[in-house]
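Chain residues, written in single-letter form:
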Amino acid sequence: MAKKEERPNMVEQFAEFKELKNIDKTTMISVLEESFRNVLAKMFGTDENLDVILNPDKGDVQIFQNLQVVPDGEVQNPNLQISLSDARADDDPEAEVGEEHSREIIFEKFGRRAILNLRQTLQSRILDLQKDAVFNKFKDLEGELVVGEVYQTWSRETLLLDDEKNELILPKNESIPGDFFRKGETVRAVIANVDNRNNNPKITVSRTNEAFLRRLFELEVPEIHDGLISIRAVARIPGERAKIAVESYDDRIDPVGACVGVKGSRIHGIVRELRNENIDVINFTTNPSLFIQRALSPARISTIRLDEEARKAEVFLRPEEVSLAIGKNGHNIKLATMLTGYEIDVYRDTEMIYEDDIFLDDFKDEIDEWVINALKDIGCVTAKSVMNTPREVLLEKSDLEENTIDDVLAVLRKEYEDEAAEEAENSDDTEA
């Protein structure tokens, strides 16, 4: 009974570490044992002949020192050996030379200094474990959304605290132009980078990273979260404009419509979060020509020439469409380049486009949309560009049937014949 009183509940004695650092009981027991061994190794020169036994249920600890029994007067290292007479006197009357004798050590008898040393060792080890846990947790969350409360703002960065009081650093260059935070305000960002230099985890978050836009769409659009719609490419000029290419795995779902929402209900929340950053949502396609055409929206392309090996595209447009393709401060063409991965050069098409030319999209009432898209895929975007392309080339490049090509040409020619007849009639009326 006396020995039990001398072994107080060590886990309870250091329980404040568990409360402060949120360490589970199993880890606490393991850390406590390791700390005991470190302190004992310093006291006895080694811990190899020591058994540290912790009782997880009771929280007490027993320490046994295993000593080799040697003849009286031949003890050379009292931390490793014990004389025969001392072993027999220490509750082991049948001890013999050469055997091993286990002697219990009551740690508390070493006094306040030993307890303080153990506490400091334990505190240091738990701090290291806590840092490792924070690093491992957030390293696995890179690119994921996180919410933090503004704790302090400096000129170059803002300090956020998450729900567990972990520190998140939002640098100025990772903030959206126009971001202004007040203490206590809640801020959303993505975890951009986590490093652990000198065992000191640093968690950097970002609101300009393209992953931030992806995560916001996942929050606002259930179809993306459920995997029915995939975000295939994202391009951003933070605070100004963004383009995002989406694809649906269900033919019944319009990916662009789902992302925008009824009357823009879904995308409006994202735009507000991004400080009114304009967002263009387009349908993704593996056809590079069509993808570039969509990426340059709202400009309408007349002709496009691709060099897929060099990842370059020459785009020809009506003179009035050039400014739309380039966009304010060059943002539209820059984003299209980022989104498609093609270097895009824009030219005024003064040779192939005529004043009376008509875009194929204007013939949707007479020509199936899939046929129009097939022609646009080979760079024929207007009526004149189709009519000026040899029939054999149209057949070879578009993969359309002969009768389909002939029907298209007939529709286009009829349009211009009707226009010519109308102009002649108007001319006759004027002369009369």
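Below you will find a few notes about this structure.

Reading the values: rules and limits
In this convention, every chain numbers its residues from 1, walking through the sequence in written order. Predicted model: local features are reported for residues with pLDDT of at least 70 only, side-chain atom pairs are reported and counted for 80 or more only, and whole-chain, interface and lining totals are derived from all residues. With hydrogens and water excluded, all non-hydrogen atoms of the structure serve as input to the side-chain values. Here a Phe, Tyr or Trp ring, Trp counted by its six-membered ring, pairs with any other such ring whose centre lies within 6.5 Å, and the pair is stacked when the planes are under 30 degrees apart, edge-to-face when over 60, and tilted otherwise. Note on conventions: DSSP H or I runs of at least 4 residues are helices, E runs of at least 2 residues are strands, and numbering of each starts at the N terminus. Relative accessibility thresholds used throughout: buried, under 20% of the residue-type maximum; exposed, over 50%; partly exposed, between the two (1.4 Å probe, protein chains only). Only when the NZ atom of a Lys or the CZ atom of an Arg is both within 6 Å of the ring centre and within 35 degrees of the ring normal do we say a charge sits over the ring. What is meant by a nonpolar core is a set of buried Ala, Val, Leu, Ile, Met, Phe, Trp, Tyr and Cys residues, joined one to another through side-chain atoms within 4.5 Å. Contact between two residues is taken to exist if any of their heavy atoms lie within 4.5 Å; hydrogens are not considered. DSSP calls a pair of strands paired once it identifies at least 2 bridges connecting them. Inter-axis angles, ranging from 0 to 180 degrees, are taken between N-to-C directions of lines fitted to C-alpha atoms, where helices are fitted over the stretch in contact. Any N or O atom pair separated by 3.5 Å or less is treated as a polar contact, with the protein-specific requirement of one donor-capable and one acceptor-capable atom, and with residues adjacent in sequence counted only for side-chain atom pairs. Take a side-chain nitrogen of Lys or Arg and a carboxyl oxygen of Asp or Glu: if they are within 4 Å of each other, that pair is a salt bridge.

Here's the deal with the packing of aromatic side chains
Taken as a whole and assessed by the stated rule, the structure comprises two aromatic pairs. Look at F284 and F291: their rings are 5.1 Å apart centre to centre, the planes differ by 70°, and that puts the pair in the edge-to-face class. When the centroid spacing of 5.4 Å and the interplanar angle of 25° are considered together, the rings of F316 and Y347 count as stacked. Placement of the pair is F316 in strand β14 (residues 312-317) and Y347 in strand β15 (residues 343-348), with a sequence separation of 31 residues. For Y347, a relative accessible area of 35% gives the class partly exposed. In this arrangement the basic side chain of K183 is found over the ring face of Y151, its NZ or CZ atom lying 4.1 Å from the centre.

Considering the environment of G227
Relative to the assigned elements, G227 resides in the loop between α8 (222-225) and β10 (229-237). A sequence separation of 22 residues divides G227 from Y249, and the C-alpha atoms of the two residues are 8.2 Å apart.

Description of the nonpolar core
Counting 25 residues, the largest nonpolar core has L213, F217, I244, V246, L274, I279 and V281 as its most contacted members. Looking at this core, the elements that each hand over two or more residues are α7 (210-220), β10, β11 (241-248), α9 (255-260), α10 (265-273) and β12 (278-283). With five residues, α7 is the largest single contributor of residues to this core. The contacts of F217, once residues within four sequence positions are left out, are I224, I231, I244, C259, I267, I270, I279 and V281. Core analysis: the next-biggest nonpolar cluster, separate from the first, contains 24 residues, I282, F284, I292 and A299 among them.

Observations concerning the sheet that holds β14
If you trace the three strands from one edge of the open sheet to the other, you get β13-β14-β15, paired in mixed fashion. Bordering the open sheet on either side are β13 (301-307) and β15, each of which pairs with just one other strand. Neighbour-to-neighbour, the strand axes of this sheet turn through a mean angle of 20°, independent of strand direction. In the sheet, β13 pairs with β14 via six bridges, with the strands oriented antiparallel. Residue pairing across strands places D307 opposite K312, the latter belonging to β14. Taken strand by strand, helix α12 (residues 319-326) contacts β14 and β15, and its axis lies near 155° from that of β15.

Structural notes on the side chain of S83
As for its position among the elements, S83 is in strand β3 (residues 81-83). Excluding residues within four positions of it along the chain, S83 makes contact with V69, V70, D72 and V75.

Examining the environment of T337
When you line up the elements, T337 lands in helix α13 (residues 331-340). For the pair T337 and I292, spaced 45 residues apart in sequence, the C-alpha separation works out to 8.3 Å. Once residues within four sequence positions are removed from consideration, T337 is found in contact with Y342, E343 and I344. Polar side-chain contacts of T337 include one of 2.9 Å to the backbone oxygen of I333.

Some details on the environment of E218
Looking at where E218 falls in the secondary structure, it is placed in helix α7. Setting aside residues up to four positions removed in sequence, E218 forms contacts with I224 and H225. In terms of polar contacts, E218 uses its side chain to reach the side chain of R215, at 2.8 Å.

Some words on the sheet that holds β12
Pairing between the strands of a sheet is mediated by backbone hydrogen bonds and can be parallel or antiparallel. Taken in spatial order, the three strands make up an open sheet running β10-β11-β12, and their pairing is mixed. The open sheet has two edge strands, β10 and β12, and neither has a second partner. Geometrically, the sheet is characterised by an average inter-axis angle of 20° between neighbouring strands, direction not taken into account. Summarising the sheet, β10 and β11 pair through eight bridges and their orientation is antiparallel.

Structural notes on the side chain of Q293
Position of Q293 among the secondary structure elements: in helix α11 (residues 288-295). Among the polar contacts made by the side chain of Q293, one reaches the main-chain carbonyl oxygen of K376 at a distance of 3.0 Å. Beyond its immediate sequence surroundings of up to four residues, Q293 is in contact with A299, I301, I304, K376 and V381.

Observations concerning the pattern of salt bridges
With the rule as written, the count across this model stands at 24 salt bridges. Where K376 meets D361, a salt bridge forms, and the shortest distance between an N and an O atom there is 3.4 Å. Taken together, the residues K376 in helix α14 (residues 369-377) and D361 in the loop between β15 and α14 connect sequence positions 15 residues apart. K376 gets classed as buried once you look at its relative accessible area, which sits at 11%. Here the salt bridges do not stand alone but share partners, grouping D179, R188, R207, E273 and R275 into one network.

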